[in-house]
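Residue-level listing of the chains:
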Amino acid sequence: MLLALGGARWAIPDPAERATALYLFVVTLGYGHLLGGAVFGWERLASRVPGLLRSGRGQAFALSTLALLLVAWLWALGVWPTLMAPLLVVSVWHAVENDLAWERDGRGVVGIGTLAPGAVSSGVTAWVCALFAASLPSETVSPSAAWSSLESLSEPLGWAARSLALGCGLWLLRSGSGRAGTALVLGTVALPGDLTRWLGFVEVFGAWTLHHLVSWLLVSVWRVRRSRNRGEARRETARLVGVHLLPVLVAALVLAAPVGWDHPLRALLFAPGVYLFWAVLHVVQTALLRASCRPPCCADPAR
């Protein structure tokens, strides 16, 4: 992640252009991750609600419901732009919880176990949110200009996140988790209140999101390579490439269109609020599928 940020700074000296390029890269890769979660987890999700997702009417109902939710969300976001903040917090928690839930079975197979809530995940989530708050205000460039709506929340969000991170750290120290507690307490105290001299919000968002996306991509590739069935491995590889290539092609077509960033065609793909909408639905999907899984679950997104 640091190499990606360093490479972006070296290749694109202008901060505004760099923020735009980094944001577009991360969101495009992120859509591949979200699409992969839906594709690889479809069968298990359909088995949970067979009457809904295994029939044409049920699928049409599900798609229309999603469309209505998206329209309602965009309306609400137009009235209260700061609603992006709780969705960003949920997305951060998802990545933190995933890192804590990795497990290995007796054969050395890496997978992700059941949900792992607790003081550690809450504390680390709060610390990362404090990091986000310290990097505001964001670069006011399109299409990431919408992040500027969070600037009014930078101070209260920062204090709330720091307080929660410190509280979780002290709780962990009291409960005997010395390493985690010490790391949280020291990390919270050492975190500067203003990081804008060194890092922009989009860079922090990019580094954190890339960590989650690349981790899952590497595990998915590793799992495919371990498959003993060559035919299955080829099919899984094709699906893995396809779910990541499709958003790249769509993004390239949209960016090639002679329209501005405020055009609905671009806004529906690249606007932060739209991306967070799909990201939180991904969080809900993975939580539902992992709620009753036996660890370690399959190392596919949403499994």
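Residues numbered from 1 in each chain as written. Predicted model: local features only at pLDDT ≥ 70, side-chain atom pairs only at ≥ 80, totals over all residues. Heavy atoms only, no water.

### Overview of the overall build of the chain
Which entries qualify depends on this criterion: In DSSP terms, a helix is any run of H or I states spanning at least four residues, a strand is any run of E spanning at least two, and both are numbered starting from the N terminus. The buried label applies to any residue whose accessible area, calculated with a 1.4 Å probe on protein chains only, is under 20% of its type's maximum; exposed applies above 50%, and partly exposed to all values in between. Contacts are residue-level and defined by heavy atoms, with any inter-residue pair within 4.5 Å sufficient. Here the accessible surface of atoms and residues is derived via Shrake-Rupley with a 1.4 Å probe, and residues count as covered only by protein chains that are part of the display.
Of regular secondary structure, the chain possesses 13 helices and 2 strands. When the 303 residues of the chain are sorted by exposure, 43% land in the buried category. When contacts within the chain are restricted to residue pairs at least 6 apart in sequence, long-range pairs at least 24 apart make up 73% of them. Carbon and sulfur atoms form 68% of the exposed surface of the chain, whose accessible area is close to 15,700 Å².

### Structural notes on the packing of aromatic side chains
Rule in force here: Only Phe, Tyr and Trp rings are paired, with Trp represented by its six-membered ring, and only when their centres lie within 6.5 Å; those with planes under 30 degrees apart are stacked, over 60 edge-to-face, the remainder tilted.
In total, this model carries 8 aromatic pairs according to the counting rule given. Centroid distance Y31 to Y275: 5.3 Å. Interplanar angle 90°. Geometry classified as edge-to-face. Highlighted residues: Y31 in helix α2 (residues 15–40) and Y275 in helix α13 (residues 272–290), separated in sequence by 244 residues. We classify Y31 as buried; its relative accessible area is 13%.

### Quick look at the packing of helix α8 (residues 154–174) against helix α9 (residues 178–190)
Rule in force here: Lines fitted to C-alpha atoms define the axes, with helix axes restricted to the stretch in contact, and inter-axis angles between N-to-C directions lie between 0 and 180 degrees. If an angle is under 35 degrees, it is roughly parallel; if it is over 145, roughly antiparallel; if it lies from 65 to 115, roughly perpendicular; otherwise it is oblique. Whether a crossing is left-handed or right-handed is set by the direction in which the near helix is turned from the far one by less than a right angle, anticlockwise for left-handed and clockwise for right-handed. Side-chain classes follow a simple rule in which Ala, Val, Leu, Ile, Met, Phe, Trp, Tyr, Cys and Pro form the nonpolar group, Asp, Glu, Lys and Arg form the charged group, and the remainder, Gly included, forms the polar group.
Between α8 and α9, the shortest axis-to-axis distance is 7 Å and the interhelical angle comes to 150°. Taken together, the axis directions place α8 and α9 in an arrangement best described as roughly antiparallel. Crossing of α8 against α9: the hand is left-handed. On α9, the residues that touch R162, A165, L166, C168, G169, L170, L172 and L173 of α8 are G178, A180, G181, T182, L184, V185 and T188. Each residue belonging to the contact of α8 with α9 can be placed in one class, and the counts come to 9 nonpolar, 5 polar and 1 charged.

### Quick notes on α13
Keep this limit in mind: To estimate how far a helix should extend, the number of its residues minus one is multiplied by 1.5 Å.
Between its first and last C-alpha, α13 extends 27 Å over 19 residues, near the 27 Å set by a 1.5 Å rise per residue. Of all 19 residues in α13, 14 are buried, a share of seventy percent or more.

### Observations concerning the pattern of salt bridges
For clarity, the threshold we go by: Each reported salt bridge corresponds to a side-chain nitrogen of Lys or Arg within 4 Å of a carboxyl oxygen of Asp or Glu.
What the rule picks out here adds up to 3 salt bridges. E203 serves as the salt-bridge partner of R9, at 2.8 Å between the closest nitrogen and oxygen. On the criterion of sequence distance, the pair formed by R9 in helix α1 (residues 2–11) and E203 in helix α10 (residues 201–225) is long-range, its members being 194 residues apart. With a relative accessible area of 6%, E203 lands in the buried category. Measuring nitrogen to oxygen at the nearest pair gives 3.5 Å for the salt bridge that ties R18 to E203. Of the two residues, R18 sits in helix α2 while E203 sits in helix α10, which places them 185 residues apart along the sequence.

### Looking at α9
Taking 1.5 Å per residue as the helical rise, α9 with its 13 residues ought to reach 18 Å, and the 18 Å between its terminal C-alpha atoms agrees with that figure. Taken together, the buried positions of α9 are occupied by G181, L184, V185, G187 and T188. Those residues of α9 that are buried lie in contact with α7 (119–134) and α8.

### Let's talk about the environment of W93
Tracing the chain through its elements places W93 in helix α6 (residues 84–101). In this structure, the C-alpha to C-alpha distance between W93 and G123, residues 30 residues apart in sequence, is 9.7 Å. Setting aside anything within four residues of it in sequence, one finds W93 in contact with S121, T125 and V283.

### Describing the environment of V280
Tracing the backbone shows V280 in helix α13. For V280, a relative accessible area of 17% gives the class buried. C-alpha of V280 to C-alpha of L88: the two residues are 192 residues apart in sequence and 8.5 Å apart in space. Contacts of V280, omitting those with residues within four sequence positions, involve L87, V90 and S91.

### Comments concerning a nonpolar patch on the surface
Which entries qualify depends on this criterion: Here the term patch refers to residues with relative accessible area over 30% and no salt bridge, with like charges joined within 9 Å and nonpolar side chains (Val, Leu, Ile, Met, Phe, Trp, Tyr) within 5 Å.
A grouping of L166, L170, L173 and V189 is seen on the molecular surface, where their side chains present a nonpolar patch of about 340 Å² in accessible area. If you tally residues by element for the nonpolar patch, the top one is α8, at 3 residues. On the secondary structure map, L170 appears in helix α8. What makes L170 partly exposed here is its relative accessible area of 47%.

### Remarks on the nonpolar core
We count it as follows: Residues enter a nonpolar core if they are buried and are Ala, Val, Leu, Ile, Met, Phe, Trp, Tyr or Cys, with the set joined through side-chain atoms within 4.5 Å.
Judged by nonpolar contacts, the single largest core of 47 residues is most densely connected at F132, W147, L150, F201 and F205. Looking at this core, the elements that each hand over two or more residues are α2, α5 (56–79), α6, α7, α10, α11 (230–256), α12 (264–270) and α13. Looking at this core, the element that brings in the most residues is α2, giving 8 residues.

That is the geometry; function is a separate question.
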